[in-house]
Amino acid sequence: MLKASMPMVVYVVGIMFATEKFTLFTVLNMIMNPISSLYHIAPCCFVFLALPFTYIELPKMMRDPTLRVNVPLLLVSASGAFALNMAVFLLIGKTSALTMNVAGVVKDWLLILLSVVLYGSPVTTTQLMGYGLAFAGVCVYNYQKIQSLKQQNSKVVDTSDKVEGGQNKANN
């Protein structure tokens, strides 16, 4: 339930910190886009999974004499996770957390596509309709974001033209 609401939560926090602007159009787009990334929930999940692991799984692992930990494989996996987190932070730094959520939707589609192609996983008509709706939401979001950027750029150009025009009149 939390996973589906993460784009809205990220958007609201972005508005609170003035990194995003509130528009009704974006809010409506968020309601159409329930597929989200588990990425934002990972710290909370870690805390809630670490407690039972510590008291249930860890004692069993400690008592198992046949347990062997492949340290090189563990280090490669940890390095990959670290590199992924760095890439995510760079993406969010250059764009926004909302863009990261939209990229997460695309990632989910690719995972589903690979699952179908490589493993023959079945996909129902309802699931395809859901993915189509999510795709439409992403397209609408991207269109709205591009239009917003174009509008901001045209305002900057208009403002700079007025400033330059005023300076030319003052110089004459």
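Once a new chain begins, its residue numbering starts again from 1 and follows that chain's sequence as written. Owing to the predicted nature of the model, reporting of local features is limited to residues with pLDDT of at least 70; listing and counting of side-chain atom pairs is limited to 80 or more, with chain, interface and lining totals taken over all residues. Calculation of side-chain values draws on the structure's entire complement of heavy atoms; hydrogens and water are dropped beforehand.

Looking only at helices and strands, the protein features six helices and zero strands. Helices and strands appear in the protein in the N-to-C order α-α-α-α-α-α. Burial analysis of the protein (172 residues in total) assigns 17% to the buried set. In these tables, accessible area is a Shrake-Rupley quantity obtained with a 1.4 Å probe, and a residue counts as shielded only by the protein chains included in the view. If you sum the accessible surface of the protein, you get close to 12,900 Å²; carbon and sulfur atoms cover 72% of it. Where helices and strands are cited, they refer to DSSP runs of H or I of at least four residues and of E of at least two residues respectively, numbered from the N terminus. Buried means the residue's accessible area, taken with a 1.4 Å probe over protein chains only, is under 20% of the maximum for its type, while exposed means over 50%, and partly exposed covers the values in between.

As a further point, take the UniProt feature "transmembrane region" (unreviewed entry) in the protein. UniProt positions are given in the numbering used here, feature names are shortened, and annotations may be inferred rather than shown by experiment. Mapped onto this numbering, the UniProt entry annotates "transmembrane region" (unreviewed entry) at residues 9–32, 38–58, 70–92 and 112–141. With 83% helix and 0% strand, residues 112–141 has its two end C-alpha atoms placed 22 Å apart.

Throughout, nonpolar core names a set of buried Ala, Val, Leu, Ile, Met, Phe, Trp, Tyr and Cys residues whose side chains join them through atoms within 4.5 Å. Core analysis: the largest hydrophobic core is formed by eight residues, namely Y11, L98, V102, V105, W109, A134, V138 and Y141. Looking at this core, the elements with two or more residues in it are α5 (97–119) and α6 (125–171).

Turning next to a nonpolar patch on the surface. On the surface, F53, L58, M61, M62, L67, V69, V71, L74 and L75 cluster together into a nonpolar patch covering about 840 Å² of accessible area. Every element with two or more residues in the nonpolar patch is listed here: α3 (42–63) and α4 (71–94). Sort the elements by how many residues they give to the nonpolar patch and α3 lands first, with four residues. The residue L58 is located in helix α3 in this model. Accessibility expressed as a relative area gives 31% for L58, which makes it partly exposed. Think of a patch as exposed residues, more than 30% relative accessible area, with no salt bridge, where like charges cluster within 9 Å and nonpolar side chains (Val, Leu, Ile, Met, Phe, Trp, Tyr) cluster within 5 Å. One side-chain nitrogen of Lys or Arg within 4 Å of one carboxyl oxygen of Asp or Glu is enough to make a salt bridge.

All right, on to the pattern of salt bridges then. Going through the model one piece at a time under the given rule, you end up with one salt bridge. We note a salt bridge from D108 to K107, for which the minimum N-O separation is 3.7 Å. Its relative accessible area of 39% is what places K107 among the partly exposed residues.

Let us now look at the side chain of Q144. You can see Q144 is positioned in helix α6. With relative accessibility at 15%, the residue Q144 sits in the buried group.

Secondary-structure assignment places V9 in helix α1 (residues 2–16). Expressed as a C-alpha distance, the spacing of V9 and L98, which sit 89 residues apart in the sequence, is 9.6 Å.

Let us look at the confidence of the model for the protein. Note on scores: pLDDT gives the predictor's confidence for each residue, bounded by 0 and 100. Counting all residues, the mean pLDDT for the protein is 76, and 73% of those residues have values of 70 or more. Mean pLDDT values over the elements of the protein span from 67, in helix α2 (residues 24–32), up to 86, in α3. Residues are treated as being in contact if the distance between any of their heavy atoms lies within 4.5 Å. Taken as a whole, residues 33–38 scores under 50 in pLDDT and shows 21 contacts with residues more than four places along the chain or in a different chain.

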